[in-house]
Amino acid sequence: MMAGIGPKDTKPELAIRRALHARGLRFRLGSNYRRKGKLLVGKPDLVFPARKAVIFVHGCFWHGHDCALFKWPARGENTDEEAKWRKKLTANILRDRKTLNRLFETGWRVLEVWECTLKGRNRKPFDEVITRCCAFLEGTEPFSSIGGSQTVTVDVSA
């Protein structure tokens, strides 16, 4: 079932895109945005070149967000499968950290919108999430996270 989840055009991402577009904000999709001939590092979901800002709409499971929607794969009889998932998710978390650092080094501002702010028991009103996105885009702060930026602790030696 996990194989059916694609890396782009997720429901939360599409909802954010529609709402920002309805508020008059124009953006490029990070999967094909090129700067000086190269794809932007990390392939952000939304790129606002004039504002030098990007938005990532992160799934809590895939990016290891420390919230109610994230749970390490259950320990079962198949420990090889569990180890594979831990390795995969740890690699995602570490790659996200490198991506953030590289974007900051090149002068980009970054906003993370976590899936748990849009669904689940701790979700926020959708208009509030969109208002916070707009405030970030109109501001100058280099980083913001809607839903908190805390990821689960990973063992980098694994």
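Reading the values: the criteria
- Residues numbered from 1 in each chain as written.
- Predicted model: local features only at pLDDT ≥ 70, side-chain atom pairs only at ≥ 80, totals over all residues.
- Heavy atoms only, no water.
- Helix = DSSP H or I, 4+ residues; strand = E, 2+ residues; numbered from the N terminus.
- Buried < 20%, exposed > 50% of the residue type's maximum accessible area, 1.4 Å probe, protein only.
- Contact = heavy atoms within 4.5 Å.
- Salt bridge = Lys/Arg side-chain N within 4 Å of Asp/Glu carboxyl O.
- Pairing = 2+ DSSP bridges.
- Axes fitted to C-alpha atoms, helices over the stretch in contact; angles between N-to-C directions.
- Disulfide = S-S within 2.5 Å.
- Right-handed = clockwise from strand over helix to strand, strands pointing away.

Draft legend 1. View of the overall build of the protein. Helix and strand counts for the protein come out as 3 helices and 7 strands. Counting every position in the protein, which comprises 158 residues, the buried fraction comes to 41%. Sequence-distant contacts, at least 24 apart, represent 64% of the contacts inside the protein between residues at least 6 apart.

Draft legend 2. Expanded view of the pattern of salt bridges. Scanning the entire structure with this criterion turns up 4 salt bridges. As a salt-bridge pair, Glu-13 and Arg-17 come within 3.0 Å of each other at their nearest N and O atoms. Here the residue Glu-13 and the residue Arg-17 both occupy positions in helix 1 (residues 11–22), the gap between them amounting to 4 residues, near one helical turn. Given the relative accessible area of 16%, Arg-17 is considered buried. Salt-bridge contacts for Lys-119 lead to Glu-115; the nearest nitrogen and oxygen are separated by 3.0 Å. A relative accessible area of 16% places Glu-115 in the buried class. It is possible to trace a salt-bridge network through shared partners that takes in Asp-9, Glu-13 and Arg-17.

Draft legend 3. Quick look at the sheet that holds strand 5 (residues 53–58). Across the sheet, 5 strands lie side by side as 1-4-5-6-7; this open sheet has mixed pairing. Looking at the sheet topology across the chains shown, the edges are occupied by strand 1 (28–29) and strand 7 (143–146). Relative to strand 4 (residues 46–48), strand 1 runs antiparallel, the two sharing 2 bridges. Bridging from a neighbouring strand, Leu-29 pairs with Leu-46 of strand 4. The strands touched by helix 3 (residues 126–138) within the sheet are strand 4, strand 5, strand 6 (109–114) and strand 7, with strand 6 carrying the most contacts at an inclination of about 175°.

Draft legend 4. Representation of the state of the cysteines in the model. This model, assessed by the stated rule, comprises 0 disulfides. Cys-60 provides the cysteine sulfur closest to Cys-116, a residue in no disulfide bond, and the two sulfurs are 3.8 Å apart. We classify Cys-116 as buried; its relative accessible area is 9%.

Draft legend 5. Highlighting the pairing of strand 7. Pairing of strand 6 with strand 7 involves 4 bridges; the strand directions are parallel. Directly across from Val-110, in strand 7, lies its bridge partner Phe-143. Handedness of the crossover is the feature at issue here: the chain leaves strand 6, passes through helix 3, returns alongside strand 7, and the resulting connection is left-handed.

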